[in-house]
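Working through the structure, step by step
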Amino acid sequence: MSVKGYILDLDGVICDTAGFHFKAWCRLAQEYGVTLDHQDHENLKGVDRETSLRYILGKADIHPDHSLLQRDMERKNQWYLDMVAGMTPDDLFPGTLQFLNRAKEHNIRIALGSASKNARLVLQKLNIEHLFDAIVDGSIVENGKPHPETFLKAAHLLQLKPEECIVFEDAPSGIRAAIAAGCTVIGIGKPESLKGARVVIPSLASFVPHH
Ligand code: B16
Ligand code: MG
């Protein structure tokens, strides 16, 4: 089946907000006497806010009630937003604009498929929101990655079948979600942490399309 759409994850694919998320989670985890390591970083990538917080509190053996969850999610998000406030188009990973423009020239439809409730804000900071035909973010998805809903919704909004879409993902949870949705997946990052992807490339800049 020919490829008609690209669905891009945000953090770790378009820009390094994955680093901002991890910094903010590390700060919170420290307060509970927990130090997060590289494996925790991989596990948290692409995972929604509440599930991420529960993961960290679980390491501290804390069983949170609703108000603790709300309070800590808000604090973490504020630290994250403080970092996002300083973003500019210079924070796009190299080659992203060329990737998007080349796709447009070939009439490939483009969607965002992010778990983040802040995704639109980040796209605005990067000045690329107008290049997307559809945006699926954490505010309109009920079941976060690895559930396939994010990518099924994105394909639907592009008016394409999942099999007609390539998903670009940097996170194990996202790769599982994209496979479950029936999309082809290209991993962005290192092959050892992205098992299951059709191929793994270091960044969007090294993607060679077959059109
Ligand atoms: P927020 P992605 C994900 O975005 C991040 O990778 C993950 O670290 C974060 O917890 C999640 O979004 C929720 O983000 O707190 O901003 O709603 O990789 O799916 O673009
Ligand atoms: Mg990601």
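Residues numbered from 1 in each chain as written. Chains lettered and ligands numbered in written order. Predicted model: local features only at pLDDT ≥ 70, side-chain atom pairs only at ≥ 80, totals over all residues. Heavy atoms only, no water.

Some details on the pattern of salt bridges
Here the structure, examined in full by the defined rule, presents 12 salt bridges. We note a salt bridge from K4 to E164, for which the minimum N-O separation is 3.1 Å. Remark: E164 occurs in the loop between α7 (149–157) and β4 (165–169) and K4 occurs in the segment before β1 (5–8); sequence separation between them is 160 residues. When its relative accessible area of 36% is taken as the criterion, K4 is described as partly exposed. Where E129 meets R120, a salt bridge forms, and the shortest distance between an N and an O atom there is 2.9 Å. (Salt bridge = Lys/Arg side-chain N within 4 Å of Asp/Glu carboxyl O. Helix = DSSP H or I, 4+ residues; strand = E, 2+ residues; numbered from the N terminus. Buried < 20%, exposed > 50% of the residue type's maximum accessible area, 1.4 Å probe, protein only.)

Considerations on the coordination of the magnesium ion (ligand 2)
At this site the magnesium ion (ligand 2) is bound by D9 (OD), D11 (O) and D170 (OD), with donor distances of 2.0 to 2.2 Å. Expressed as a motif, the donor residue spacing for the magnesium ion (ligand 2) is D-x1-D-x158-D. Note that D9 is positioned in the loop between β1 and α1 (17–31) and D170 in the loop between β4 and α8 (172–181), a separation of 161 residues in sequence. Residue classification places D9 among the buried positions, given a relative accessible area of 3%. (Donors = N, O, S within 2.8 Å, 3.2 Å for Na, K, Ca; no water.)

Notes on the nonpolar core
Membership of the largest hydrophobic core comes to 31 residues, with the highest contact counts inside it found for Y6, L8, I14, I128, F132 and F168. For this core, the secondary structure elements donating two or more residues are β1, α4 (66–84), α5 (96–105), β2 (109–113), α6 (119–126), β4 and β5 (184–188). Once residues within four sequence positions are removed from consideration, F168 is found in contact with Y6, I7, L8, D9, V13, F99, I186, I188, L204 and F207. A155, I175, A177 and A197 belong to the second-largest nonpolar core, a separate cluster that totals 20 residues. (Core = buried A, V, L, I, M, F, W, Y, C linked by side-chain atoms within 4.5 Å. Contact = heavy atoms within 4.5 Å.)

Regarding the domain arrangement of the protein chain
Along its sequence, the protein chain is organised into domain 1 (5–16 + 89–206) and domain 2 (17–84). Put simply, the middle of domain 1 and the middle of domain 2, counted by C-alpha atoms, are 23 Å apart. In this assembly, 17 residues from domain 1 lie in contact with 15 residues from domain 2. Carbon and sulfur atoms make up 50% of the surface buried where domain 1 meets domain 2, a total of about 1200 Å² over both sides. Per-residue buried area on domain 1 facing domain 2 is highest for D11, D16 and N118; these three make up 33% of the total on that side. The interface formed by domain 1 and domain 2 holds seven residue pairs in polar contact (both at pLDDT 80 or more) in total. Mapped onto the side of domain 1 that touches domain 2, the elements with two or more residues apiece are α6 and α8. Taken together, the residues that form the side of domain 1 that touches domain 2 break down as six nonpolar, five polar and six charged. (Domains from an automatic or database assignment. Buried area = accessible area lost by both parts, 1.4 Å probe. Polar contact = N/O pair within 3.5 Å; in protein donor to acceptor, adjacent residues only side chain to side chain. Nonpolar A, V, L, I, M, F, W, Y, C, P; charged D, E, K, R; others polar.)

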